[in-house]
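Secondary and tertiary structure notes
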Amino acid sequence: MNVDVTRNILTDEVLSRFDLATEEATGLPNACYTSKEWLKAENTRLFAKTWMLAGFCHDIPGKGDACPVDLAGMPLVILRDNDGEIRAFHNVCRHRGAVIVPEKCSAQRMLTCPYHAWAYGLDGSLRSRPHFYGGDNHDTDPGPDAPGLVPVRHAVWHDLIFVNISGDAIAFEEHWKPFTRWTADYDFSALNYAETLDFDVKGNWKLIYENFYDAYHVPAVHPRLEEFSPITGSIGIETEGPWFYNTNPIEEPQEGRGLGMPMYPGLDAVGQRTTWYFHLFPTMAIQIWPDQMAIFQLHAIEPGRTIEHIHMYFIGEAATEPQYAKNRQDVYDMWDELNTEDFLIVENMQGARSSPAFDGGALSPFWDPATQHSAKLMAGFMKD
Ligand code: FES
Ligand SMILES: [Fe+2]
């Protein structure tokens, strides 16, 4: 890899622009959205260095369940051990480097490598090496110093499993603290996972993330959303470290938006008419509506291609039962409509990132301090 790629793109001149008054500042230059070398550097300097959403407890409900995850360009595995605890490891055999868990599996007592059958316990320790000393000459007790699976630092919040691959990010509780403070009125123990919606987008992941927190585009791009949640009620976008947030009043509940589904228990009248939009740099967003939580997760595949998942949670066990099937479908249809509107713009902008007439933009003092903040966050991770 060209280790100078970030220096060539984030020149001193570019970096100095991020610190100007917003009207004079710019966002990230075009190459951050189009360069393969830049994306490789994002894997090691950004995605591996911070807390990233890796998976879900509901994917590994039983002891011995394991699920492979690709994150930051690396194979990882999350699993539930014999005590029911969640663990995370690099998903690579210490012998010759095969992927240990190539696909989701359940009720495993050991993780056995598909290449030469080294077996690891669910705590990652190496338990046996068949034929290690020759045919029928097994190593049945490798001992505690034998090479086990390499653990990955992880944290769990309700159903969500996070990892910090580098191991040196701030404590997860600190990272998550602003969200805990802002959402004290919501009883998240009532959440029930329902469905994941998947989208394949021809655009850089940052265009999607930046669009998450861009409330400015709602009137032009989302006429139905504007009617439901008008821009005139928006507070703009507040930022705190890696968090971006925004909130809107609900004018009138609609199908798919607060109509007919159970709400969070104990929400007051204001909460029942409020939407919250939280965006956790770099690749995650959490939308909290009175009757749902939607978790947005981005996977950067190529500079111009991103897989997006929307993980849908509803409130209370009844909300995932057949009586609410129509209401749930209304919610999925709403997100599908909204995302389709967004992706047209994201794909439009990806094309424009090859234009020399744009190289970071001209920003709104009300809406775009968030874009400036995002550029600064990115520079903090990516520059030498
Ligand atoms: S690579 Fe895993 S046992 Fe050889
Ligand atoms: Fe949008």
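What you see is a predicted model, and the numbers here were worked out from it, not measured in a lab.

**Digging into the overall build of the protein**
Secondary structure summary: the protein contains 10 helices and 18 strands in total. The C-alpha radius of gyration computed for the protein amounts to 23 Å, which stays within 12% of the reference 21 Å derived for 384 residues, consistent with globular compactness. Counting only C-alpha atoms and orienting by the principal axes, one finds that the protein spans roughly 75 × 55 × 35 Å. The contacts in the protein between residues at least 6 apart in sequence include a share of 65% that link residues at least 24 apart. Counting only carbon and sulfur atoms, one obtains 51% of the accessible surface of the protein, whose full area is about 16900 Å². The averaged location of the 54 negative side-chain charges in the protein is 7 Å from the averaged location of its 29 positive side-chain charges.

**Structural notes on the sheet that holds strand 4 (residues 86-90)**
Read from one edge to the other, the open sheet built from three strands follows the order 2-3-4, with strand pairing classed as antiparallel. Strands with a single pairing partner mark the edges of an open sheet, and in this sheet they are strand 2 (66-71) and strand 4. Averaged over all neighbouring strand pairs, the angle between strand axes comes to 25°, with direction disregarded. Of the pairings in the sheet, the one linking strand 2 to strand 3 (residues 74-80) comprises six bridges and is antiparallel in character. The residue of strand 3 that forms the bridge with Cys67 is Ile78.

**Looking at the domain arrangement of the protein**
In many reports, interface size means the accessible area that the parts give up when they come together. Entries for the protein in the domain assignment read domain 1 (52-168) and domain 2 (171-382). The straight-line distance from the C-alpha centre of domain 1 to that of domain 2 is 33 Å. Opposite the 13 residues of domain 1 that make contact, domain 2 presents 16 residues. Buried area between domain 1 and domain 2, both sides added, is near 1200 Å², and the carbon and sulfur share of it is 76%. Three residues stand out in domain 1 for area buried against domain 2, namely Leu53, Trp157 and Phe162, and they jointly supply 39% of the buried area on that side. In this assembly, domain 1 and domain 2 are joined by two residue pairs in polar contact (both at pLDDT 80 or more). When contributions to the side of domain 1 that touches domain 2 are tallied by element, the ones reaching two or more residues are strand 1 (52-56), strand 8 (153-157) and strand 9 (160-164). Ranked by the residues each element gives to the side of domain 1 that touches domain 2, the list is headed by strand 1, at four residues. Here the side of domain 1 that touches domain 2 is composed, by residue class, of eight nonpolar, two polar and three charged.

**A word on the sheet that holds strand 9**
Taken together, three strands build an open sheet; the order of strands is 1-9-8 and the sheet is antiparallel. Each end of this open sheet is capped by a strand with a single partner; those strands are strand 1 and strand 8. Across this sheet, the average inter-strand angle for adjacent strands is 35°, counted without regard to direction. Strand direction decides the pairing type here: strand 1 and strand 9, joined by four bridges, are antiparallel. Its bridge partner lying in strand 9, Met52 is registered against Val163.

**Regarding the coordination of the iron ion (ligand 2)**
For the iron ion (ligand 2), the protein coordination sphere consists of His217 (NE2), His222 (NE2), Asp342 (OD) and Asp342 (OD), at 2.0 to 2.5 Å. Coordination at the iron ion (ligand 2) is irregular, judged from the four donor atoms that bind it and the angles of 56 to 147° they form at the metal. Assessed through its relative accessible area of 15%, His217 is described here as buried. With relative accessibility at 1%, the residue His222 sits in the buried group.

**Thoughts on helix 10 (residues 369-382)**
With 14 residues, helix 10 should reach 20 Å at 1.5 Å per residue; the first-to-last C-alpha distance of 20 Å fits that figure. Within helix 10 the residues assigned to the buried category are Ala370, Thr371, Gln372, Ser374, Ala375, Leu377, Met378, Ala379 and Met382. Where helix 10 is buried, its residues touch helix 1 (5-9), helix 2 (12-18), helix 4 (36-47), helix 6 (205-213), strand 11 (238-240) and strand 12 (243-249).

**So, the packing of aromatic side chains**
The tally for this structure, following the rule as stated, stands at 38 aromatic pairs. Ring geometry for Phe162 and Phe172: centres 4.9 Å apart, planes at 40°, overall tilted. On the criterion of sequence distance, the pair formed by Phe162 in strand 9 and Phe172 in helix 5 (residues 172-182) is long-range, its members being 10 residues apart. The exposure class of Phe162 is buried, given its relative accessible area of 1%. Above the plane of the ring of Phe132 lies Arg129, whose end atom (NZ or CZ) is 4.0 Å from the centre. Against the face of Tyr33 rests Lys206, its NZ or CZ located 5.0 Å from the ring centre.

**Side note on the side chain of Thr371**
The topology assignment puts Thr371 in helix 10. Apart from residues no more than four positions distant in its own chain, Thr371 is found in contact with Gly27, Tyr213 and Leu363.

Criteria and cut-off values
- Residues numbered from 1 in each chain as written.
- Chains lettered and ligands numbered in written order.
- Predicted model: local features only at pLDDT ≥ 70, side-chain atom pairs only at ≥ 80, totals over all residues.
- Heavy atoms only, no water.
- Helix = DSSP H or I, 4+ residues; strand = E, 2+ residues; numbered from the N terminus.
- Rg over C-alpha atoms; globule rule 2.2 N^0.38 Å.
- Contact = heavy atoms within 4.5 Å.
- Areas by Shrake-Rupley, 256 points an atom, 1.4 Å probe, with all protein chains shown as cover.
- Lys, Arg positive; Asp, Glu negative; His and termini not counted.
- Charge placed at Lys NZ, Arg CZ, Asp CG, Glu CD.
- Pairing = 2+ DSSP bridges.
- Axes fitted to C-alpha atoms, helices over the stretch in contact; angles between N-to-C directions.
- Domains from an automatic or database assignment.
- Buried area = accessible area lost by both parts, 1.4 Å probe.
- Polar contact = N/O pair within 3.5 Å; in protein donor to acceptor, adjacent residues only side chain to side chain.
- Nonpolar A, V, L, I, M, F, W, Y, C, P; charged D, E, K, R; others polar.
- Donors = N, O, S within 2.8 Å, 3.2 Å for Na, K, Ca; no water.
- Tetrahedral: all angles 85-135°; square planar, octahedral: opposite > 155°, others 65-115°.
- Buried < 20%, exposed > 50% of the residue type's maximum accessible area, 1.4 Å probe, protein only.
- Expected span 1.5 Å × (residues − 1).
- Phe/Tyr/Trp six-rings, centres within 6.5 Å; stacked < 30°, edge-to-face > 60°.
- Lys NZ or Arg CZ within 6 Å of the ring centre and 35° of its normal.

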